[in-house]
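In case you want the letters, here they are:
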Amino acid sequence: SPTYLRKHGTPRSVEDLGAIVALNRPGPLRDKDEQGQSTVDRFLARRNGEQEVVYPHPILEPILANTYGDFLYQEQVIAYFRKIGYSLSDADHIRKILGKKLVSEMEKEFPTYMSYAEQHMERQTAEQIWNKIQEFSKYSFNKAHGVGYGTILAWTMYAKWRWPVEFVMASIATNQKKVAAYIG
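All values reported here derive from a predicted model rather than from experimental measurement. Residue numbers here run from 1 along each chain, matching the order of that chain's written sequence. Per-residue local features of the predicted model are confined to residues with pLDDT of at least 70, and side-chain atom pairs are confined, for both listing and counting, to 80 or more; whole-chain, interface and lining totals are unaffected and use all residues. Excluded from the side-chain calculations are hydrogens and water; all other atoms, namely the structure's heavy atoms, are used.

To continue, consider a nonpolar patch on the surface. Surface patches are defined over residues having more than 30% relative accessible area and no salt bridge, joining like charges when they lie within 9 Å and nonpolar side chains (Val, Leu, Ile, Met, Phe, Trp, Tyr) when within 5 Å. The protein chains shown are the only cover counted for residues, whose accessible areas, like all others here, come from Shrake-Rupley with a 1.4 Å probe. Definition used for salt bridges: Asp or Glu carboxyl oxygen within 4 Å of a side-chain nitrogen of Lys or Arg. A cluster of nonpolar side chains, namely Tyr158, Trp161 and Trp163, defines an oily patch on the protein surface of about 400 Å² accessible area. Numbering of helices and strands runs from the N terminus; a helix is a DSSP stretch of H or I covering at least four residues, while a strand is a stretch of E covering at least two. As for its position among the elements, Trp163 is in the loop between α10 (143-162) and α11 (164-174).

Written as structure tokens, this is what we have:
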């Protein structure tokens, strides 16, 4: 909407399109930090320079820089686990757990995670990052899907804006059950 665009700006890259999709899901919309700020609000405030980007540990800066300090994609979790010493195979296993939202499987991973993480940071910091990943595991998203869906979203929005009549006619032609809604 015009109000949204005035407040938050337009997408600046294909990565922004992926972030729009990944952020507009129940988990990020519902998730709140200690100050009551949602993942979406925090992302936008940091993206627009209204809030400082904070990383729980410097090891996360290159991994989370493009998403302003928050885990937004499963690939970021893989990169983090690789950085603390997991093999690619073991880190990918974590991705599979995240993809299937197997929270209990993630809990079983905790002792192994801590043995690796404590080699790089204090226990409290490792636990803080673990808690972020645990929350993220409830709604994790794959970056390729986010970017792909975001690109299709942009094409669709452009077609609807540029050729509104043709867009509605194509919509009617592909979904006869919603003719009244499309005409409305």
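A few words now on the packing of helix α2 (residues 14-23) against helix α4 (residues 39-47). Relative orientation of the contacting elements α2 and α4 amounts to 155 degrees, with a least axis distance of 10 Å. As far as their axial angle goes, α4 and α2 are roughly antiparallel. Seen from above, α2 lies across α4 with left-handed handedness. Touching Asp16, Ala19 and Leu23 of α2 are Thr39, Val40, Phe43 and Arg47, all from α4. Within the contact of α2 with α4, the residues separate by chemical class into four nonpolar, one polar and two charged. Orientation is described by axes fitted as lines to C-alpha atoms, over the contacting stretch for helices, and by angles from 0 to 180 degrees between their N-to-C directions. Should an angle fall under 35 degrees it is taken as roughly parallel, and over 145 as roughly antiparallel, whereas 65 to 115 is taken as roughly perpendicular and any remaining angle as oblique. Two helices cross in a left-handed way if the nearer one is turned anticlockwise from the farther one by less than a right angle. They cross in a right-handed way if the turn is clockwise. The contact rule is simple, with two residues in contact once any of their heavy atoms fall within 4.5 Å. Amino acids outside the nonpolar list (Ala, Val, Leu, Ile, Met, Phe, Trp, Tyr, Cys, Pro) and the charged list (Asp, Glu, Lys, Arg) are all regarded as polar, and Gly is one of them.

The next subject is the pattern of salt bridges. The full count for this structure, using the stated rule, is ten salt bridges. The closest approach of N and O atoms between Glu105 and Lys108, which form a salt bridge, is 3.2 Å. With a gap of three residues between them, Glu105 and Lys108 both fall in helix α8 (residues 103-117), about one helical turn apart. A 1.4 Å probe rolled over the protein chains alone gives each residue an accessible area, and that area as a share of the maximum for its type sets the label: buried under 20%, exposed over 50%, partly exposed in between. With a relative accessible area of 28%, Glu105 lands in the partly exposed category. Between Glu127 and Arg123 there is a salt bridge, with its nearest N and O atoms 3.0 Å apart. Here Glu127 and its partner Arg123 are both found in helix α9 (residues 123-136), four residues apart, which amounts to about one turn of the helix. Residue class for Glu127 comes out partly exposed when judged on its relative accessible area of 29%.

Once that is clear, we can look at the nonpolar core. In this text, buried Ala, Val, Leu, Ile, Met, Phe, Trp, Tyr and Cys residues form a nonpolar core when linked through side-chain atoms within 4.5 Å. Of all hydrophobic cores here, the largest spans 26 residues; its most connected members are Phe71, Tyr80, Phe81 and Tyr113. Where this core is concerned, the elements lending two or more residues are α5 (61-64), α6 (74-83), α7 (88-99), α8 and α9. Take this core: its biggest share by element is five residues, from α9. Non-local contacts of Tyr113, meaning those with residues more than four positions away in its chain, are made with Tyr80, Phe81, Ile84, Tyr86, Ala126, Ile129 and Trp130. In this structure, Leu23, Phe43, Leu72 and Phe141 belong to the second largest nonpolar core, which totals eleven residues.

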